[in-house]
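Residues per chain, in single letters:
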Amino acid sequence: MSGREYEFPPAALFEPIAICPYRERSVRVDGCLGDWSESEILPALGELAGGEQYATLRSAWNEHGLFLAVEVEKQEPIVTNRQTPSAGDAIELFIDTRGARSGHRATQFCYHLVILPTGPGSGGQEPVIWREPIRRSLQRSPEPDFDAIRVAAGLGDDCYAMELAFEPDSLHGYEPAEGLRIGFAAVIHDIQRGRQYWGTAPDFPYERDPSTWSLLEHGPPDP
Amino acid sequence: MLEQLLEAVAGESGFDLDTPFEELADEHQRLVLYGTGDRELRVNDRLIARFRGLVPSIEETSRLSSRFRKRVGRILRDLPCPTCNGGRVNAEAAAARFRGRTIVELCSEPLSETAAFFSSVELSEREHDLTGEILEEITRRLRLLDEVGLGYLTLNRSAPSLSGGESQRVRLAGQIGSGLTGVLYVLDEPTVGVHPSDNERMLQALKDLRDLGNTALVVEHDEQTLREADHLIDLGPGSGPDGGEVIASGTPNQVMRRKTSQTGQFLAGELQVPVPAERRPVSGPPRNGDPQEGWLSIIGARHHNLRNIDAHFPLGVLTCVTGPSGSGKTSLVNEILYPELAYHLHGAQDVGGPHRRILGLEQVDGVINIDQNPIGQTPRSSPVTYTGLFDLVRELYSMLPEAMVRGYGPERFSFNKKGGRCEACEGMGRRLVEMHFLPDVWVECEECGGRRYNAETCDIEYRGRSIADVLEMTAGEALEHFDRFPRIRHILQTMVDVGLGYLPLGQPAPMLSGGEAQRVKLARELAKPARGHTVYLLDEPTTGLHCADVLKLLEVLQRLVEAGNTVIVIEHNLDVMKVADWIIDLGPGGGDGGGEIVATGPPEDIAASERSTTGPFLRAALERSRREQPQWQAVSRPPARSDHRAALEALAEDTQRPWERDGRAWHLGPETPTGEPRQWEAGALETFIELAASALGLEDADWADRQYVRLYRDGEGDWVARARTDRQWDVRLQIRAPKGIFEQSRLEQALKLPTWDEIDDLPRYGKRPRVRINTRSRDYDLITVWGFFEHEICSQAFRQMVERALQPEPVAVVAE
């Protein structure tokens, strides 16, 4: 689906808060999206940023952590670039575990994570994740506990998928609870189709300003 | 998504999205403008949102990003604050009156009137004790501002909206007011944008400074200023490398006696801009606002201070719009005429200021506004790139034998692309060094010494000069250097013609003055093929020009007119006015005292006008000038491409590019064309070509291309097999096979090519198969193999695939 290009960014008109639904059973992080339900697809906020919409995001939470999935339509070979992730196929996540949205400078609760669907992992087939520093931060957040973050990628004929699970305390300050709001934005890089944004917009200084990220609210457990 | 969000806003607030904004209730208009605050709206069961409102989101976005600031700036207009009505002060302060006038009223009238008001105030003894000194100071400062020709400004005018000349004069008035002595004041062209009638007062202000015991050092071209100076220093004799010497020094009379001084000769009247003995004929202007052939008319112009005037511009001649500063020239030409022409002729977005209608548009094909805005914001933009000259120069360098031998294309000589530029500074010639606690500084790149290119690129020389040297050449030097190449010569000649002979070709755009930027733009327009019936608009093009250069510029403008175009110039320079075919003189004063057409007609009519402020000065200028009939030539056509090409090819006679000389060595060499080491095995390519050639019954392939090795059925027509060899990590092998004989999964199984991820020790990743069949074409299936190792291509399965794909029955193919 192709998005419209706007003269003034509609993303600036709204402060969206997407509901991250509760799920009883944790997601099996294996790169296969079979255990996700339709209701866990995040609203298509990327349309507010314009540009081509080729990726779908899913999210859910429970006491065991936060689960995210990104499904990217892709027919061409995946090309990744560790030095300059944006020059290849990559996903960038921006997470503020306290979701304040009030300050323009990152705090110790803000993270910028980069994930490559394939990379130099074992035999070059495993996804890679690392943390990038956030410029002009007030305080640098502690190193994420990568043992408590699980990542998997799955490759299909016309798409690839990434799954992530963040256990409690894997990111500083992250304690899943009903009603918790975290700052969240994602940028998907595709070497052929350019960038797709979720929860932020091009030209916003999202790499350094957490007030330009949207919010993800942990929804209530099903009655 | 946007629709859903907007519907949520409208639904929760109880209004309809189809209702026009003006018809919405006040509370709903307020909500659209200022948002829902902290109230959260439920959009659907997966999304909640706060609506910020237009005003806060525009404010917030403008603060976040300069790009949006610029973009949003186009749709925003400054309006007076509704609370203070633009007065800037609160109700209590606005209520205080002095002799019945509020501070807001006094600040919003032309300061000459404000000065008159304060001068006429008579104070009682008590009032004098209280306010006497303040009033004296106010009166003195207002008088100084008025004396430097700024009487038309209002005191509440914002500083950023002042022109360069106006700000300089405001500072000058401030300095005179400060009463300092023993100070050296340096002024750069203070008369820019000053009408001759204000010039005398400006000069008087400078003399006042001098009389206070100061020294005023003025860089100036204005004749009147030169005549009244106590001491002149004339530099020259030419510009750029031809200048740099003191030619004359002394009083104006002493300088006039120096025959070698061009300035002196102009002052003495030996050299001058002659008045044409016969001007181009102009039929009488239209009457009663009716359209008339040969005229472009703005009817009922009332933008800013224009008083509902009808302005008629004759077509096909040189028209000068004159009048004191603030009389409405810019409002008329740049803010009504240009936007309207651009809107109607080029579909531009902006429309002109208020006017009733514009007539005669059908007689004009285009409009070009040659303003003084910079030609670019980054050091990568320069006159040589802006005029299109660099493309030609790079092409020339790529045709030099040494460049051909090395396989350098035009892109090798670009400082914006990898390959030929210095990578340490990325072609900038300078590097930014971040300093803690201090502003960042730019230092010359140590790697290339500021030359922007790497050493290999600089090895290529034409007549002893490398591409880096070309950027340092002035336009005049380059004209001589490249005189064999007609299209390069044509552009350089126009640059020299507009008085830019001294300008280094690679001078970064941000370092050009407004006048230089304007003349670079003019040179670019002149170098283009003449179209005729185009309106050229120029705002003070003589800014910063010496009299000798004014003469050259006028010749260029006349050439444009001779080619059937219309040139409209806003100008205070009397040399331009006196050679114009037609003058529209606005005035009689500035600000509220202007906005009318005081006189219109040939310069002689203006000179005879009693109401015109310009008239007496023009009369004197006409009387001083000799008359002669110059022979202007129409602007020359750019030389034919074929002539230029022939000159380039003569350079490269008998020189073969490396792929033409030995294609096999080029494609199988150890480096890619961009200089990176080739990683794939040469045997992979050789084997593929052997297999394909043998299947096609050919002896060899066509190796004589920079990027591809191709094979043709029967040695002609469209290619049926090819290899792309310019990539570092793979050689891309392609075959056009008959439709339907291969199937993707079977071919993958047969070839057994591991994916990139499965090959250890290669920094190239991917899980995709390395063989793909593209079936989109009607006529063939395109098989692509990303090759790397020779043994993969030598396999039995690969050989069979090639033989089957290139079987003898010809495959109908279409061109790519």
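Since the structure is predicted, the reported quantities are computational estimates derived from the model, not experimental observations.

**Quick look at the overall build of chain B**
Working step 1: Looking only at helices and strands, chain B has 33 helices and 28 strands in total.
Working step 2: Taken against the 2.2 N^0.38 rule, which gives 28 Å for 816 residues, the C-alpha radius of gyration of chain B at 35 Å runs more than 25% over that of a compact globule.
Working step 3: For chain B, the residues scored as buried account for 49% of the 816 residues in total.
Working step 4: Positive and negative charge centroids in chain B, built from 95 and 125 side chains respectively, lie 2 Å apart.

**Points about the overall build of chain A**
Working step 1: In terms of regular secondary structure, chain A is built from 1 helix and 11 strands.
Working step 2: The helix and strand sequence of chain A, counted from the amino end, reads β-α-β-β-β-β-β-β-β-β-β-β.
Working step 3: Relative to the 2.2 N^0.38 estimate, which gives 17 Å for 223 residues, the radius of gyration of chain A is 16 Å and therefore close to what a compact globule would have.
Working step 4: Across its three principal axes, chain A shows a C-alpha extent of roughly 45 × 40 × 35 Å.
Working step 5: Taking all 223 residues of chain A together, the buried fraction comes to 60%.
Working step 6: Restricting the contact set of chain A to residue pairs at least 6 apart, pairs at least 24 apart contribute 67%.
Working step 7: Surface accessibility of chain A: about 8,800 Å² in total, with carbon and sulfur atoms responsible for 46%.

**Examining the nonpolar core**
Residue and element names in this part refer to chain B.
Working step 1: Core analysis: the biggest nonpolar cluster contains 81 residues, and Leu396, Tyr397, Phe482, Leu492 and Leu522 have the highest contact counts within it.
Working step 2: Element by element, the count of residues in this core is highest for helix H23 (residues 547-562), at 7 residues.
Working step 3: When we break this core down by domain, the ones giving at least three residues each are domain 2 (292-374 + 513-624) and domain 3 (383-510).

**Things to note about the packing of aromatic side chains**
Working step 1: Within this structure, the stated rule accounts for 20 aromatic pairs over all chains.
Working step 2: Aromatic pair Tyr462(B) and Phe482(B): ring centres 5.9 Å apart, planes at 5°, arrangement stacked. Taken together, the residues span a long stretch of sequence, with Tyr462(B) in strand E17 (residues 461-462) and Phe482(B) in the loop between helix H20 (475-481) and helix H21 (486-497) at a distance of 20 residues. Taken as a pair, Tyr462(B) and Phe482(B) share a single burial class, namely buried.
Working step 3: An aromatic cluster is present here, built from Phe94(A), Tyr197(A), Tyr206(A) and Trp213(A) joined pairwise through their rings.
Working step 4: Stacked on the ring of Tyr386(B), the Lys or Arg Arg524(B) has its end atom at 4.0 Å from the ring centre.
Working step 5: Above the face of the Trp719(B) ring, Arg736(B) is positioned so that its terminal group lies 3.8 Å from the ring centre.

**A closer look at a nonpolar patch on the surface**
Working step 1: Side chains of Val433(B), Met435(B), Phe437(B), Leu438(B), Val441(B) and Val443(B) sit close together on the surface and give an oily, nonpolar patch of about 560 Å² of accessible area.
Working step 2: Using a relative accessible area of 34% as the deciding quantity, one classes Met435(B) as partly exposed.

**Regarding the pattern of salt bridges**
All names here are of chain B.
Working step 1: Taken as a whole and judged by the stated rule, the model has 55 salt bridges over all chains.
Working step 2: In this structure, Arg421 and Glu423 form a salt bridge, with 2.8 Å as the shortest nitrogen-oxygen distance.
Working step 3: We note a salt bridge from Glu792 to Arg770, for which the minimum N-O separation is 2.7 Å. Here Glu792 is found in helix H32 (residues 790-793), whereas its partner Arg770 is found in the loop between helix H31 (744-751) and strand E27 (771-774), with 22 residues between them in sequence. Each of the two residues, Glu792 as well as Arg770, counts as buried.

**Quick notes on the confidence of the model for chain B**
Working step 1: Across chain B, the average pLDDT comes to 87, with 98% of residues at 70 or higher.
Working step 2: This model gives residues 811-816 of chain B a pLDDT under 50, and the stretch forms 20 contacts once residues within four places in sequence are excluded.

**So, the interface of chain A and chain B**
Working step 1: Counting from both sides, the interface comprises 53 residues of chain A and, opposite them, 37 residues of chain B.
Working step 2: Summed over both sides, the interface of chain A with chain B buries roughly 3,800 Å², with 57% coming from carbon and sulfur.
Working step 3: Taken together, chain A and chain B are joined by 3 salt bridges.
Working step 4: With a closest N to O distance of 2.8 Å, Arg50(B) and Glu15(A) form a salt bridge.
Working step 5: Elements with a contribution of two residues or more to the side of chain A that touches chain B: strand E1 (14-20), helix H1 (46-49) and strand E7 (149-155) of chain A.

**Focus on the sheet that holds strand E14 (residues 366-370) of chain B**
All names here are of chain B.
Working step 1: One open sheet accounts for 6 strands, arranged E14-E19-E20-E12-E21-E22; its pairing is mixed. Both edges of this open sheet fall to E14 and strand E22 (596-601), since each of them pairs with a single strand only. Neighbour-to-neighbour, the strand axes of this sheet turn through a mean angle of 15°, independent of strand direction.
Working step 2: Across the sheet, helix H22 (residues 514-527) touches E14 and strand E19 (534-539), and the angle it forms with E14 is around 150°.

**What about a negative patch on the surface?**
All names here are of chain A.
Working step 1: Taken together, the side chains of Asp145, Asp147, Asp169 and Glu175 present a region of like negative charge at the surface.
Working step 2: Structurally, the position occupied by Asp145 is in the loop between strand E6 (128-132) and E7.
Working step 3: Overall, the relative accessible area of 35% leaves Asp145 in the partly exposed class.

**As for the domain arrangement of chain B**
Working step 1: Domain annotation for chain B reports domain 1 (2-73), domain 2 (292-374 + 513-624), domain 3 (383-510) and domain 4 (658-805).
Working step 2: Look at where the C-alpha atoms of domain 1 of chain B and domain 4 of chain B centre, and you get two points 56 Å apart.

**Considerations on the sheet that holds strand E13 (residues 357-359) of chain B**
Residue and element names in this part refer to chain B.
Working step 1: Here we have 3 strands laid out as an open sheet, ordered E11-E10-E13, and antiparallel in their pairing. In this open sheet, the two strands that pair with only one neighbour each are strand E11 (309-314) and E13. The average undirected angle you get between the axes of adjacent strands in this sheet is 15°.
Working step 2: By the bridge criterion, 5 bridges tie strand E10 (residues 295-301) to E11 in an arrangement that is antiparallel. Bridge pairing in E11 places Leu296 opposite Phe313.
Working step 3: Each of E10, E11 and E13 touches helix H14 (residues 329-346); the most contacted strand, E10, lies at about 115° to it.

**Thoughts on unusual backbone geometry**
Residue and element names in this part refer to chain B.
Working step 1: Cis geometry marks the peptide bond from Gly236 to Pro237, where omega comes out at 5°.
Working step 2: At His304, a position not held by glycine, the phi torsion is positive, near 50°.
Working step 3: Topologically, His304 is positioned in the loop between E10 and E11.
Working step 4: For His304, a relative accessible area of 57% puts it in the exposed group.

**Observations regarding the side chain of Thr566(B)**
Working step 1: Examined against the element boundaries, Thr566(B) turns out to sit in strand E20 (residues 566-570).
Working step 2: When residues no more than four places from it in sequence are discounted, the contact partners of Thr566(B) are Pro314(B), Leu315(B), Gly316(B), Val317(B), Thr534(B), Val535(B) and Tyr536(B).

**Brief notes about the pairing of strand E2 (residues 55-62) of chain A**
Every regular strand shows the same layout, with side chains that alternate between the two sheet faces.
All names here are of chain A.
Working step 1: With respect to burial, E2 is a largely interior element, 7 of its 8 residues being buried.
Working step 2: Relative to strand E3 (residues 65-73), E2 runs antiparallel, the two being bridged by 8 bridges. Considered in E3, the bridge of Trp61 is made with Leu66.

**Digging into the environment of Ser382(B)**
Working step 1: Structurally, the position occupied by Ser382(B) is in the loop between E14 and helix H15 (383-386).
Working step 2: What Ser382(B) contacts, discounting residues up to four positions off in sequence, is Ile375(B), Leu505(B), Gly506(B), Gln507(B), Pro508(B) and Ala509(B).

**Considering helix H26 (residues 615-624) of chain B**
Residues and elements named next belong to chain B.
Working step 1: Along H26, the positions that sit buried rather than exposed are Gly615, Leu618, Ala621 and Leu622. In a view along the axis of H26, the buried residues occupy a sector of 125°, so they form one face of it.
Working step 2: Structurally, H26 contributes buried residues whose contacts are with strand E9 (275-276), helix H24 (574-579), strand E21 (582-587), helix H25 (603-608) and strand E23 (627-628).

**With respect to the environment of Asp440(B)**
Working step 1: Mapping Asp440(B) onto the fold places it in the loop between strand E15 (430-433) and strand E16 (441-444).
Working step 2: Sequence-wise, Asp440(B) and Val333(B) are 107 residues apart; in three dimensions their C-alpha atoms are separated by 41 Å.

**Notes on the packing of helix H2 (residues 26-34) of chain B against helix H3 (residues 54-64) of chain B**
Residues and elements named next belong to chain B.
Working step 1: At a closest axis distance of 4 Å, the pairing of H2 and H3 adopts a crossing angle of 15°. As summarised for this structure, H2 and H3 are arranged roughly parallel, according to the angle between their axes. Residues Val32, Leu33 and Tyr34 of H2 form the contact with H3, whose own contacting residues are Leu54, Val55 and Pro56.
Working step 2: Residue classes in the contact of H2 with H3 are distributed as 6 nonpolar, no polar and no charged.

Reading the values: rules and limits
- Residues numbered from 1 in each chain as written.
- Chains lettered and ligands numbered in written order.
- Predicted model: local features only at pLDDT ≥ 70, side-chain atom pairs only at ≥ 80, totals over all residues.
- Heavy atoms only, no water.
- Helix = DSSP H or I, 4+ residues; strand = E, 2+ residues; numbered from the N terminus.
- Rg over C-alpha atoms; globule rule 2.2 N^0.38 Å.
- Buried < 20%, exposed > 50% of the residue type's maximum accessible area, 1.4 Å probe, protein only.
- Lys, Arg positive; Asp, Glu negative; His and termini not counted.
- Charge placed at Lys NZ, Arg CZ, Asp CG, Glu CD.
- Contact = heavy atoms within 4.5 Å.
- Areas by Shrake-Rupley, 256 points an atom, 1.4 Å probe, with all protein chains shown as cover.
- Core = buried A, V, L, I, M, F, W, Y, C linked by side-chain atoms within 4.5 Å.
- Domains from an automatic or database assignment.
- Phe/Tyr/Trp six-rings, centres within 6.5 Å; stacked < 30°, edge-to-face > 60°.
- Lys NZ or Arg CZ within 6 Å of the ring centre and 35° of its normal.
- Patch = residues over 30% accessible without salt bridge, like charges linked within 9 Å, V, L, I, M, F, W, Y side chains within 5 Å.
- Salt bridge = Lys/Arg side-chain N within 4 Å of Asp/Glu carboxyl O.
- pLDDT = per-residue confidence, 0-100.
- Buried area = accessible area lost by both parts, 1.4 Å probe.
- Pairing = 2+ DSSP bridges.
- Axes fitted to C-alpha atoms, helices over the stretch in contact; angles between N-to-C directions.
- Arc of directions from axis to C-beta.
- Parallel < 35°, antiparallel > 145°, perpendicular 65-115°, else oblique.
- Nonpolar A, V, L, I, M, F, W, Y, C, P; charged D, E, K, R; others polar.

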